[in-house]
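Here are the chains, one letter per residue:
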Amino acid sequence: MSDRIRARDVIAEMKKPRRRWPYAFALFLMAVPVAALSFFWQWTSYLTIPFIFLPFFFAATMMILDPTANGTMSNRVMFSLYGAYYRPYFGVFRVVRNGLIALAWSALLGGLAMMVSYLISNAVDPEFGPAWEQFVTYYENGNVLDAVDFLTTNATLGLLTHISEITTTVVFFIVFAHKIGLYGLNLYHRSTLEAPARMANALYCKAIKDSRGDFQKDYFSATWPLYVILVVLLAGGYFIAFAIQGITLYGRIGFMTGFALCLSPLCLPYYAAYLSLATKKYRFFFIDCSIRTISSELERMPVDSPDRQGLEKALAETIAMRAQAEEKIRNEDQEETK
C-alpha cells in the first residue's frame, strides 16, 4: 500500500468539521477519579483502567467516529456504548494479553535499569558496598520487612530503588498505551465483521501480519506525536510530585501515572482523526484478509466439522458487508460530484 499516513495528514483531518473535544472532555471527567485513586492506592489502576477508563475511551472514540452518534452529546448514548464494550466488543483491545506484554517489558527493562544502577553505584560510591551488605544481611536473616524498609529509606540504596521503580512504571505505561493504540482500528474491524470475538481478534492480528509492516509504519508515522506528549506528561507528573514535600516514592509514582492518565484524553481528538484516516485506507484490506483467511480455513476443514457452519456464515456475512461497503463508497462519491 502507498500513500503513507503522516502526522500532517492527521492534523489536516482534525480541521474537518466533527465534534471531538466535547467527547475528550467527557473522557477527562472519567479519568479524574481514576487518577485520584491511583495517587492514593496505585494498585487500583490495574482495575480502574481496564474496567472504567478503557470502556469510556471506547465509547468516546466510537461517538467521534460514528457519523450518527457524532452530532449527539448524550449520556444515554455514551453509557449505551460503554455497555457495548462488555458485550459485542468485549476483548476489542485485548487488555489482558497487552497488559501481560507490558508487564513483561517493564520487568525486563526495570531489572536491567536496576542492574546498571547497581554496577555504577558500586563502582563510584564508597558507601554503596557496606549499605548493600547490610541489606543482604537483613534479608538472609529473614528480616524481610527490615530489608525492604532499609532499601527504601537508605539514601544510598534508595536511588537504586527509585530508578528501578520509575523505569518499570514508565515502560509499563508506554508499552500498554502503545498496544492499546495498535488495536484501535479493531473497533472498525469488529463493527464490520459479525464473528465471535476470538475469531475477529485473530483475523485482525492476521491482517496486521499480512500487511508486511505497512500498517505499523502508518501507525508510527501518524501517531509519534502522541508518544512525545505521553513522555512529557509522565515527566511533568514526576517533577511536580518531586516538588511536593513529604511524598513517598510510591506516592510520586502514583501521582506521575495519574497526572499522565488524567491529561491523556487531550490526545483523543488527534488519535480519533488518525483512526478516521486509517479506516478509510484499510477498510477493504481487513475485510479481504478476513475473506481469504476464512476461505482457507474452510478448504482445510472436514465437511462434517461442527465449526464449519459457523465459518460459512461468517464468510457469507463478510462478503455481503464488502459489497455494502462498496455501494456506500459509490454513493458517497456520487454525492461529492454533485
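Up top is the structure.
Residues numbered from 1 in each chain as written. Predicted model: local features only at pLDDT ≥ 70, side-chain atom pairs only at ≥ 80, totals over all residues. Heavy atoms only, no water.

(A) Expanded view of the side chain of T161. Its location among the elements puts T161 in helix α9 (residues 155-182). Apart from the residues within four sequence positions on either side, T161 is in contact with L151, T152 and L249. (Helix = DSSP H or I, 4+ residues; strand = E, 2+ residues; numbered from the N terminus. Contact = heavy atoms within 4.5 Å.)

(B) A nonpolar patch on the surface, seen in detail. On the surface, L37, F40, W41, W43, Y46, L47, F51, I52, Y86 and F90 cluster together into a nonpolar patch covering about 1,100 Å² of accessible area. Elements with a contribution of two residues or more to the nonpolar patch: α2 (21-40) and α3 (45-65). Tracing the backbone through its elements, the reader meets F51 in helix α3. On the basis of relative accessibility, which here comes to 44%, the residue F51 falls in the partly exposed class. (Patch = residues over 30% accessible without salt bridge, like charges linked within 9 Å, V, L, I, M, F, W, Y side chains within 5 Å. Areas by Shrake-Rupley, 256 points an atom, 1.4 Å probe, with all protein chains shown as cover. Salt bridge = Lys/Arg side-chain N within 4 Å of Asp/Glu carboxyl O. Buried < 20%, exposed > 50% of the residue type's maximum accessible area, 1.4 Å probe, protein only.)

(C) Up close: the packing of α2 against helix α13 (residues 249-263). Two elements in contact, α2 and α13, have axes separated by 8 Å at closest approach and are oriented at 175°. In this view, α2 runs roughly antiparallel relative to α13, as classed from their interaxial angle. Two secondary-structure elements touch here, α2 through F28, A31, V32, V34, A35, S38 and F39 and α13 through G251, G254, F255, T257, G258, L261, C262 and L263. Its residues assigned to classes, the contact of α2 with α13 shows 10 nonpolar, five polar and no charged. (Axes fitted to C-alpha atoms, helices over the stretch in contact; angles between N-to-C directions. Parallel < 35°, antiparallel > 145°, perpendicular 65-115°, else oblique. Nonpolar A, V, L, I, M, F, W, Y, C, P; charged D, E, K, R; others polar.)

(D) Summary view of α13. The end-to-end C-alpha distance of α13 is 21 Å, a good match for the 21 Å that 15 residues give at a rise of 1.5 Å each. For α13, every residue scored as buried is listed here: L249, G251, R252, I253, G254, M256, T257, G258, A260, L261 and C262. On its buried face, α13 is in contact with α2, α3, α9 and α12 (214-243). (Expected span 1.5 Å × (residues − 1).)

(E) View of the side chain of T223. Looking at the secondary structure, you find T223 in helix α12. Within the local environment of T223, its side chain forms a polar contact with the backbone oxygen of Y219, the two atoms lying 2.5 Å apart. (Polar contact = N/O pair within 3.5 Å; in protein donor to acceptor, adjacent residues only side chain to side chain.)

(F) Geometry of helix α7 (residues 128-140). The terminal C-alpha atoms of α7 lie 18 Å apart, and with 13 residues this matches the ideal 18 Å at 1.5 Å per residue to within 8%. Of all the residues in α7, the buried ones are F128, A131 and F135. Taken down its axis, α7 places every buried residue within 70° of arc, on the same side. Projecting away from the buried face of α7 at angles above 90 degrees are the exposed residues P130, E133 and E140. Tucked inside the fold, the buried residues of α7 contact α6 (95-124), α8 (144-153) and α9. (Arc of directions from axis to C-beta.)

(G) Spotlight on the nonpolar core. Judged by nonpolar contacts, the single largest core of 73 residues is most densely connected at L54, F57, F58, F93, F215, Y274 and F286. Sorting elements by how many residues they give to this core places helix α14 (residues 268-300) first, with 13 residues. Ranked by size, the runner-up nonpolar core spans nine residues in total, among them I291, I294, L298 and A314. (Core = buried A, V, L, I, M, F, W, Y, C linked by side-chain atoms within 4.5 Å.)

(H) How the structure looks around the pattern of salt bridges. Scanning the entire structure with this criterion turns up eight salt bridges. Between R4 and D218 there is a salt bridge, with the nearest N and O atoms lying 3.4 Å from each other. Taken together, the residues R4 in the segment before α1 (7-14) and D218 in helix α12 connect sequence positions 214 residues apart.

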